[in-house]
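Architecture at a glance
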Amino acid sequence: MKAFYSDHFVLPLPQGHRFPMQKYRMLRDGVAAELPRVSFEEAPYTTDGVLALAHHPLYIERVSHGLLSDKEQKAIGFPWTPQMVERSRRSSGATISACRAAFDSGVAVNLAGGTHHAYADHGEGFCIFNDAAIAARLMQAERRARRVAVIDLDVHQGNGTAAILANDDSVFTFSVHGQNNYPFAKETSDLDIALPDGVEDDEYLASLKEGLDTLFSRFAPDLLIYLAGADPHEGDRLGKMKLTLAGLAARDRMVFDRARERGLPVAVAMAGGYGKNIQDTVAVHLQTIAIASTYAGTAGLEQTASAE
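Right, let's walk through the structure included here. (Residues numbered from 1 in each chain as written. Predicted model: local features only at pLDDT ≥ 70, side-chain atom pairs only at ≥ 80, totals over all residues. Heavy atoms only, no water.)

Turning our attention to the overall build of the protein chain. Looking only at helices and strands, the protein chain has 10 helices and eight strands in total. For the protein chain, the share of sequence-separated contacts (at least 6 apart) that also reach a separation of at least 24 residues comes to 77%. When the accessible surface of the protein chain is split by element, carbon and sulfur atoms take 50% of a total near 12,100 Å². (Helix = DSSP H or I, 4+ residues; strand = E, 2+ residues; numbered from the N terminus. Contact = heavy atoms within 4.5 Å. Areas by Shrake-Rupley, 256 points an atom, 1.4 Å probe, with all protein chains shown as cover.)

Take a look at the structure:
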């Protein structure tokens, strides 16, 4: 299984910043130590033209040249730096590459990504470019997939993804998230399941099963993009849910099982994770990648869509 990384493009964040940038390098180190069959590739740079599949050209230009207002930059949550732009482009490139690789091996992963709060014309919530929306559109442009489903299991609703793809019947957006959590003004996905604070494994898994049943009864995708957030974990600072490590493993297996049943390739992005103990966040992400690796080679082989 291939894993695409961009952790060496580091944002120079101020001391005390709450975004756990170091988790990405810790995750790659953990995968290298524990999952020797996973191969690593550096995430490629995403060009303006590819970003424009999901983002307004003026927004891309303003981000690239540091022309966002202070208010816009504050909404993103990062100070502007050239490294921020480079990393955001590379992170989108990693999800694109994971999608392409998934058509060959069944499953591939971006060791970052899941930047689902980015809208077509602005960023927010630590998200600049929306990698899932970009990758979905590019797979269609490359005629690898006609129909794509984005399964977003980050604890926060994928508001940017829902907005960008709102009028696109060829991409199905499905989000399971905390009803009382950020973003407080939700968008409308094709399917939203909003759960209360304190939800535990059994309730979460039952809701996810129902949601997946609904997704596949309404939509027949050629590709799944799976945002496997670590922030529903009980130890997360921002999550407000109480899923255990075992519960999150069951979540991941449920998604991969549904994909395998249908012969669907899956590209996985890590999305959020803000553990009180950063090791807990890394453990959740590492577990997802370990589970994903057991499904590699079982789905999605050469499912390139025809030109018609």
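Among the nonpolar cores identified, the biggest contains 50 residues, and Ile151, Phe174, Tyr204, Tyr226, Phe256 and Val268 are the most heavily contacted of them. If near-sequence neighbours (up to four positions away) are discounted, Tyr226 is found in contact with Ile151, Leu153, Arg251, Asp252, Val255, Phe256, Val266, Ala267, Val268 and Ala269. The next biggest cluster of nonpolar side chains, apart from the first, holds 48 residues, and it includes Ala112, Ile134, Met139 and Ala145. (Core = buried A, V, L, I, M, F, W, Y, C linked by side-chain atoms within 4.5 Å. Buried < 20%, exposed > 50% of the residue type's maximum accessible area, 1.4 Å probe, protein only.)

Summed over all chains, the structure comprises 12 aromatic pairs. Between Phe19 and Tyr274 the ring centres are 6.3 Å apart and the planes differ by 70°, which places this aromatic pair in the edge-to-face class. Highlighted residues: Phe19 in the loop between β1 (2-5) and α1 (23-34) and Tyr274 in the loop between β8 (266-269) and α10 (278-295), separated in sequence by 255 residues. Across the pair, Tyr274 and Phe19 agree in class, each one buried. Geometrically, the ring pair formed by Phe126 and Tyr274 is tilted, given 6.4 Å between the ring centres and 40° between the ring planes. One end of the pair, Phe126, is in the loop between β3 (107-110) and α6 (131-141); the other, Tyr274, is in the loop between β8 and α10, and 148 residues separate them in sequence. (Phe/Tyr/Trp six-rings, centres within 6.5 Å; stacked < 30°, edge-to-face > 60°.)

What follows is about the packing of α1 against α10. Interhelical geometry of α1 versus α10 gives an angle of 50° and a closest axis separation of 9 Å. Here α1 is positioned oblique relative to α10, judged by the angle of their axes. Here α1 runs over α10; the crossing is right-handed. Contact residues: Lys23, Met26, Leu27, Gly30, Val31 and Glu34 in α1; Ile278, Gln279, Thr281, Val282, His285, Leu286 and Ile289 in α10. Residue composition of the contact of α1 with α10, grouped by class: seven nonpolar, four polar and two charged. (Axes fitted to C-alpha atoms, helices over the stretch in contact; angles between N-to-C directions. Parallel < 35°, antiparallel > 145°, perpendicular 65-115°, else oblique. Left-handed = near helix turned anticlockwise from the far one by under 90°. Nonpolar A, V, L, I, M, F, W, Y, C, P; charged D, E, K, R; others polar.)

Tracing the backbone through its elements, the reader meets Pro12 in the loop between β1 and α1. Looking at Pro12, the relative accessible area reads 41%, which means it is partly exposed. As for Pro12 and Thr81, which are separated by 69 residues in sequence, their C-alpha atoms are 7.8 Å apart. With residues near it in sequence (within four places) discarded, Pro12 still touches Thr81 and Gln83.

A word on the pairing of strand β5 (residues 171-178). It is a general feature of regular strands that their side chains alternate between the two faces of the sheet. Among the eight residues in β5, eight count as buried, and that is most of the element. For strand β4 (residues 148-152) and β5, the ladder comprises five bridges, and the chain directions are parallel. Looking across to β5, one finds that Ile151 is bridged to Phe174. Handedness of the crossover joining β4 and β5 through helix α7 (residues 159-164): right-handed. Across five bridges, β5 lies against strand β6 (residues 191-195) in parallel orientation. Of the residues in β6, the one forming a bridge with Gly178 is Leu195. (Pairing = 2+ DSSP bridges. Right-handed = clockwise from strand over helix to strand, strands pointing away.)

By themselves, these observations are geometric and do not establish any function.
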